[in-house]
Amino acid sequence: VEGYAEALKWFTDRQWDKAMARIETVLSQKPDDGPSLCLKRWIPECKAQPPPPAWQGEYIRAEKD
């Protein structure tokens, strides 16, 4: 939980590389952690197309799974 929380903070602070590194560490310990897997998928998307300046960390899905 602590590792995910740290990665999420870096994610909302737009520190994409730090967030990804921390999520990778979390997933090495618990590879089936759903929230961490989602964050791992979102980080590259946000890094490629950064959210607007008023963004507060929410994730808006562009397509249906």
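Starting from 1, residues in each chain are numbered consecutively following that chain's sequence as written. Local features in this predicted model are restricted to residues of pLDDT 70 or higher, and side-chain atom pairs are both shown and tallied only at a pLDDT of 80 or more, whereas totals for entire chains, interfaces and linings draw on every residue. Hydrogens and waters are ignored; side-chain quantities use all the structure's heavy atoms.

(A) Local environment of unusual backbone geometry. Not every positive phi belongs to a glycine, and Arg14 is a case in point at roughly 65 degrees. Mapped onto the fold, Arg14 is located in the loop between α1 (2–12) and α2 (16–29). For helices the rule is a DSSP run of H or I covering at least 4 residues; for strands it is a run of E covering at least 2, with both sets numbered from the N terminus onward.

(B) A look at the confidence of the model for the chain. As a per-residue measure, pLDDT reflects the predictor's confidence and takes values from 0 up to 100. For the chain, per-residue confidence averages 91 on the pLDDT scale, and residues scoring 70 or more make up 97% of the total. Mean pLDDT across the elements of the chain ranges from a minimum in helix α3 (residues 34–48), with 94, to a maximum in α2, with 98.

(C) Structural detail: α2. The span one expects for a helix is its residue count, reduced by one, times 1.5 Å. Compared with an ideal rise of 1.5 Å per residue, which puts 14 residues at 20 Å, α2 spans 20 Å between its outermost C-alpha atoms and is within 8% of the ideal. Per-residue accessibility, obtained with a 1.4 Å probe over protein chains only, is compared with the maximum for each type, and a residue is labelled buried under 20%, exposed over 50%, and partly exposed between these values. When α2 is considered as a whole, its buried residues turn out to be Trp16, Ala19, Met20, Ile23, Val26 and Leu27. Each buried residue of α2 sits inside an arc of 125 degrees when the element is viewed along its axis, so together they form one side. More than 90 degrees from the buried face of α2, the exposed residues found are Asp17, Ser28 and Gln29. Looking at the buried residues of α2, the elements they touch are α1 and α3. The directions from the helix axis to the C-beta atoms form the arc being described. Between two residues, a contact is recorded if the distance between any of their heavy atoms is within 4.5 Å.

(D) Molecular detail of the side chain of Asp33. For Asp33, the location among the structural elements is in the loop between α2 and α3. Summary of buried charges: Asp33 has no salt-bridge partner, and the nearest side chain of opposite charge, Lys30, is 4.5 Å away. Residues adjacent in sequence count toward polar contacts only when both atoms are side-chain atoms; beyond that, a polar contact is any pair of N or O atoms within 3.5 Å, and within protein one must be able to donate a hydrogen and the other to accept it. Looking at Asp33, its side chain comes within polar contact range of the side chain of Ser36, at 2.4 Å. Once you skip the residues sitting within four places of it in the chain, Asp33 turns out to touch Val26 and Leu27. All tallies of charge rest on Lys and Arg as positive and Asp and Glu as negative; His and the ends of each chain are not included. Salt bridges are identified by distance alone: a Lys or Arg side-chain nitrogen within 4 Å of an Asp or Glu carboxyl oxygen.

(E) Up close: the packing of α2 against α3. It is the contact of α2 with α3, at a shortest axis distance of 10 Å, that shows an interaxial angle of 160 degrees. Judged on the interaxial angle alone, α3 and α2 are roughly antiparallel. Crossing of α2 against α3: the hand is left-handed. Packed against α2, whose contacting residues are Trp16, Asp17, Ala19, Met20, Ile23, Glu24, Val26 and Leu27, the element α3 presents Ser36, Leu37, Leu39, Lys40, Ile43, Pro44, Cys46 and Lys47 at the interface. With axes taken as lines fitted to C-alpha atoms, and helix axes fitted only over the stretch in contact, angles between N-to-C directions fall between 0 and 180 degrees. Should an angle fall under 35 degrees it is taken as roughly parallel, and over 145 as roughly antiparallel, whereas 65 to 115 is taken as roughly perpendicular and any remaining angle as oblique. If you view the pair so one helix is near and one far, a crossing is left-handed when the near helix is turned anticlockwise from the far one by less than a right angle, and right-handed when it is turned clockwise.

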